[in-house]
Structures are given as structure tokens and as C-alpha cells.
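Next come the chains, spelled out residue by residue.
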Amino acid sequence: MRLFKTLAVGAMLSIASSAFADGNSYSNPVIPTSLPDPTVIRAQDGYFYLYATENHRNLPIYRSQNLVDWEFVATAFNNETRPKWNPKGAIWAPDINYVDGKYVLYYAKSTWGGEWECGIGVATADSPAGPFTDHGALFISKDLNTQNSIDPDYVEENGHKYLFWGSFHGIWGIELSDDGLSLKEGAKPQQIAGTFMEATYIHKHGGYYYLFGSAGSCCEGERSTYRVTVGRSKSLFGPYVDKQGRSLMDNHHEVVLHRSDAVVGPGHNAEIFKDDEGKEWILYHGFDANNAKAGRLVYMDRIEWIDGWPHIANDRPSTISEAPKFGNILLADPTIFNDEGTYYLYGTGGMLGHSGEGFEVYKSTDMKHWEGPCGADGGFCLKKSDATWGTTGFWAPQVFKKDGKYYFIYTANEQIAVATADSPVGPFVQDEPVCIPAETKEIDPFVFFEGKKAYLYHVRLQDGNRIFVSEMNKDLKSLKENTTRECLHAEGGWEDTANAKWTVSEGPTVVKIDKTYYLFYSCNDFRNLDYAVGYATAKSPLGPWTKHGEPIIVRGVIGENGTGHGDLFKNEAGEWQYVFHTHFSPSVVSPRKTAVVTLDFDGKDFKLREGSFHFLQLP
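In this text the structure is predicted, and so the values were computed from the model without any measurement.

Asker: Would you mind going over unusual backbone geometry in detail, with residue names and values included?
Answerer: With glycine set apart, most residues show a phi of negative sign, and most peptide bonds adopt trans. With an omega of 5°, the peptide bond between Gly543 and Pro544 qualifies as cis. Positionally, Pro544 belongs in the loop between strand 39 (532-538) and strand 40 (546-547). Backbone torsion omega between Ser590 and Pro591 reads 0°, so that peptide bond is classified as cis. At Ala93, a residue that is not glycine, the phi angle is positive and equals roughly 45°. In this fold, Ala93 is placed in strand 7 (residues 90-99).

Asker: Talk me through the sheet that holds strand 30 (residues 395-402); I want residue IDs and the actual numbers.
Answerer: With antiparallel pairing, the 3 strands of this open sheet are ordered in space as 30-31-32. Edge positions in the sheet fall to strand 30 and strand 32 (415-421), since each has one partner strand and no second. Neighbouring strand axes in the sheet, compared pairwise and without regard to direction, differ in orientation by 20° on average. Relative to strand 31 (residues 405-412), strand 30 runs antiparallel, the two sharing 6 bridges. From the neighbouring strand, Gln398 faces strand 31, where its bridge partner is Ile409.

Asker: Give a detailed account of the sheet that holds strand 28 (residues 362-364), specifying residues and quantitative values.
Answerer: Spatial strand order, 25-26-28: 3 strands in an open sheet with antiparallel pairing. The open sheet has two edge strands, strand 25 (332-339) and strand 28, and neither has a second partner. Pairs of neighbouring strands in the sheet enclose a mean axial angle of 25°, with direction left out of account.

Asker: I'd like to hear about the state of the cysteines, residue by residue, with values.
Answerer: Overall, the coordinates contain 1 disulfide when judged by the stated rule. Here Cys218 pairs with Cys219 through a disulfide, and the sulfurs are 1.9 Å apart. Here the disulfide of Cys218 and Cys219 is left-handed, its torsion about the S-S bond being about -85°. Of the residues examined, Cys219 reaches a relative accessible area of 30% and is grouped as partly exposed. Cys381 forms no disulfide, and the closest cysteine sulfur to it belongs to Cys374, at a distance of 8.9 Å. The thiol sulfur of Cys435 is not disulfide-bonded, and the nearest other cysteine sulfur, from Cys381, lies at 19 Å. By relative accessible area, which is 21% here, Cys435 ends up partly exposed.

Asker: If you had to explain the side chain of Asn86 to someone new, which residues and values would you point to?
Answerer: In this structure, Asn86 sits in the loop between strand 6 (70-75) and strand 7. On the basis of relative accessibility, which here comes to 19%, the residue Asn86 falls in the buried class. In this structure Asn86 touches Lys109, Ser110, Glu117 and Cys118, once residues within four positions along its chain are discounted.

Asker: Provide a residue-level description of the packing of aromatic side chains, including the pertinent values.
Answerer: Each aromatic ring pair is described using two quantities: the centre-to-centre distance and the angle formed by the ring planes. Within this structure, the stated rule accounts for 45 aromatic pairs. When the ring of Phe337 is compared with that of Tyr406, the centres are 6.1 Å apart and the planes differ by 85°; the resulting orientation is edge-to-face. With Phe337 in strand 25 and Tyr406 in strand 31, this residue pair connects regions lying 69 residues apart in the sequence. The same class applies to Phe337 as to Tyr406, namely buried. Measuring from ring centre to ring centre gives 5.2 Å for Phe520 and Phe606, while their planes differ by 75°; the resulting arrangement is edge-to-face. Here Phe606 lies in strand 44 (residues 606-608) and Phe520 lies in strand 38 (residues 516-523), a separation of 86 residues in the sequence.

Asker: Pulling in residues and values, what's your account of the environment of Gly549?
Answerer: Its location among the elements puts Gly549 in the loop between strand 40 and helix 2 (555-558). Exposure remark for Gly549: the relative accessible area of 36% places this residue in the partly exposed category. For Gly549 and Asp530, which are 19 residues apart along the polypeptide, the C-alpha to C-alpha distance reads 15 Å.

Asker: Which residues make up the pairing of strand 36 (residues 479-488), and what values do they have?
Answerer: Successive residues of a regular strand alternate their side chains across the two faces of the sheet. Here strand 35 (residues 465-472) runs beside strand 36; their pairing, made up of 5 bridges, is antiparallel. Across the sheet, residue Phe468 finds its bridge partner in strand 36, namely Glu486. Linking strand 35 back to strand 36 in an antiparallel pair, the connection comprises 6 residues, with Leu476 at a positive phi of about 60°.

Calculation rules
- Residues numbered from 1 in each chain as written.
- Predicted model: local features only at pLDDT ≥ 70, side-chain atom pairs only at ≥ 80, totals over all residues.
- Heavy atoms only, no water.
- Helix = DSSP H or I, 4+ residues; strand = E, 2+ residues; numbered from the N terminus.
- Pairing = 2+ DSSP bridges.
- Axes fitted to C-alpha atoms, helices over the stretch in contact; angles between N-to-C directions.
- Disulfide = S-S within 2.5 Å.
- Buried < 20%, exposed > 50% of the residue type's maximum accessible area, 1.4 Å probe, protein only.
- Contact = heavy atoms within 4.5 Å.
- Phe/Tyr/Trp six-rings, centres within 6.5 Å; stacked < 30°, edge-to-face > 60°.

Below, the structure is given as C-alpha cells:
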């Protein structure tokens, strides 16, 4: 959202989509097959999926790991399941989204000239590759008196769901039902742009809503005049204006992308995506000027924002360009659990793009080559359900093994819960979906075992984020509150560079070496550039704790912003390593990237090993 005729469904056809100038470049088109009106989503399995107008019957689906190399996967429908309404119509201009645990595909069904019989339909699937189940037409043009109702665009904002659409007879928007599968009762369409455009796509950036569209003729080969346009607004429903403040309702607009000598009729762009370096990319269709009969091919270019407006270099499609960078694992608050030589990585958020659904898991046998998400439930090791605690805020997990059982302790609804499984990939569930009883908000759990006793280190939200410890009862589902005491809180200096009223200390991890306990923790708000990791020592798991002094992991040493909230563990070579997150880029906090460093221990103190910092990446 803003989240073949001769091939059997499920078959895979690799596409030689790009001629690389070198390992970091690609050449356009990225898909040399006619796939008009593309829409793209990054799905649960980490792949990008592209859907397009059915030049290949029943709506083709392609996938890619890097937005450059694409392969055919399937069609969304087959002859039996394709939408039955408007039976002579073709399926045009899809828009793919992930809504409430389902892949939701909005699409137009139309014939050339059938501007009052066409309309917008909706279908759903459990997998991005389908099969999709059609739910019929949301509406047809004559139902709403909105002529030529095609080119849908779904937008979710402040808990409400909306659909925008239109083609050269005005651009319209309307609120949808809570499940997004019908119009909200009593909702009326509202016009937001004039009659110059179609192919609506609304993108939010820097406090503005940007209404992308396409003007001109789309489909006349070398005579096509299609071009990508844009206007912006402070409000989702407008007013949208150009750079001079003139209204798109009066057909004013800016042009983002013109034709070039190589590409004719560039337009109907897909969604904008960020790569691992924070650069943004947009896909669209166009004709090869030297072979227009090949149809509308898929091209890609980088979007940059200059003075608050989107720009593509030279305002023309590129021929050869720097390739997007993908591969970083995007987990915040990470933890690594080593089980019989396999490392399992867990954390907050992640690659699936819907962190509110639970927790992913990745695995590696050498800390270099990672795969996943490989959780037992569609990539998740624990998923929001009737068998788990929590509905929101799934944060900061830890995994441990006890008596042959795997335990998953985590935060949800700003409380702590414990689930169990027979495997480190889950599924982790509870006999009863409850949290550990608490009188205050508690987050960031870490369980430490000392003989037969278990201690829960955690953060209590009281007069700041403060780290506490409590002995746990034997069932590991409740605390001995009379043992609870504060370990530490942020006190200034590197721990509070913003001089905040609500100070933050969080992300505890504890190890015992000889007779000394080491408590690693992070300070400052995670959005602060100075988020950093320090440690304290004690002679008892209950403290008192003596702080080490200066932070051991900090942006001035690492060279990345927001370095913190991780987990200390030993690798198979017996070396201490600390996994943590950083900000996504110098200017963007989330999604946070997962990194690791090696720490050397001299018998008393820990020290960061020079040159050991690196991000964890997928192939």
C-alpha cells in the first residue's frame, strides 16, 4: 500500500531483465516484456512482487529480490477464478496492498470506450503469488456517477482506509469499510484533481501528500504522449497544487518524467521504494522507441527530492544507472540465540513490512550467510493470534532453552509475555494468552539463570525508562515482587545527550564471567543520533551496579547513527559478539538495520575490536 497464455500457474520463468555495466549498475528496461500499469509490493518473504494489466491473460505476477532482476511467478487468476462481473472487460491497472493479514488486490475491469460500465473490483489472497479470490466489484462508474472509473490506488491513513481512482474525467477518492472490501456505508466520492490525468498514486513525504499521475495518451506506440505528473497537498484530500500554488483541479501540474530518444510514453508509475542506503526508486512503463510493437515495458529510475519536489535525473528515463542496494537485515532490538551450531536472529519489526503482526526469525551457521525469514508461520516464529499475548507493539524479544523447551519472552502492549515452542523457529504459543502480572508498564525483557534461580531484567516506564531486576517464580510466568529492585537509570553525560525530561535506559543483557556480572544497556531515545551502548558490573545479579563510564558502542566509534539495543553472545569460536541496530540512514531512523561487532575481554573490561563492525545481510 502506500505495504501466460502458455505458462501454467506456479511455473517460473527467469527474465534476462538487465544488462549490467558492472556489478553495481543496471540497464533499462528492467523487464523487457509488456507489463503495463505496474504495481509493486515488498511481501512477507522479502521479495518484491509486481502485478500489471493483463497483456498476459488473468493478470501476471513477477517477483524480484532487488527491483532489477525479475522472474515470472504466476497469474493472479485463472479462467475459472477470474472476475465474472463486466464479462467482456479486461483486467487493468491493479494496485496491490497488504491489509489486515491479507494481500488485497484492487483492479479495474474495462473495455475501450466502456466508460460507464467499467469499475473497480477487489480480490484477496494469503500469498503474494495467489491464488486470489475475487470479491466482485466495489462499484462501477454509473453507480457513483464518476465516468471512466479505473486505475485504483489504496491509501491507509490514521486508521481509515481510502480508495482513489479516475481517468481523464476527474480523480476521485472515497472511504472504504474497515476491511477494505466495500465502500463505507454512506460514503460519497470527493474529487481531488481535474481532467488532465489518470494512474493515481499518492505518496507521503516530508509532511506533504504527493499526487502522482500520468497525462497524455498512454497506448499509441511511438505516437504516445504519456508523461508522469505530480502535485502536492498538506491534506490527503487536497487541495493539491503545483509549484506556483495553482490547483490540480484546474489541470495545473508539474511534470516529473518526459519521453526520451530511447523511451516513448513513460507513465503509470508504481509505488516508490527505499533501498538499504535510503535511496528511492520508482518503476513505470514505457515503449522502446526502436521497437514500440514490443508493448509497454517496465523501466526504473531513482527519485530524488529537491526543494520538496520529486525529481528524476534529466527528467528522462535513464539508459544505464546505479543499481539499488538491497540485502541488509532490518531488525531493531536484535537478539541472537545459538542452538547446536545454528544462530537464530530475532528482533523488532523486520523485512516483512508489518511489524505489528509478530516476530520474524533468520538463521545462519557461520554468522556470515543468513537466510529467512524462516519462521514456522509464514516467516514468523510468533504471530499475533488467539494463542499469544498482545495486539500491538511487538518489541525486543529474547529466546532461551530450558528442560528441552524453547522459550520466547517478548514485549507487547507495553507488557512482557512468555511463549514456548518445540523449535527455535516456532511457532511460539501460550496455553493462555496472558502477560506477566505487573502494576506498571514493562518492556525489554532479558532472562538470566543463576543455578536454579531465574532473574528477569526489564525496563519499567516510571519517571523515565529505568532498568529493574526481579527473581522469577519457577513457572517463569510471574515475578517475586519482593525481590524487585532498580539496577540503573540514565544520569546525564553520554546517557542523556538531549537533556531529556524523560530519560531512557533500556535493552538490558546480562552475562557472568568468573565472579562478576556484566549488564549491557543502551541510553538516549532510540531516535537520538547518540543512542549508544554501555555496561555496568556487580557482584550479585541483584546489584548494586557500577557503571563502566564511557559507552563501548557509539556513533563516534562505529560511524553510524543510533547504535544500540542488542544482545551479547558467544560465537562458535568462543568470541564475544554484540548484535545491535543502527538507524536506516544518516537522515532516516527506521527501518533500523541489524549489525554486529566483536568485543575483546581482557579479564576485567570489554573493548570493541577494531574493524569488526559489519551489517548482517541476506544473499
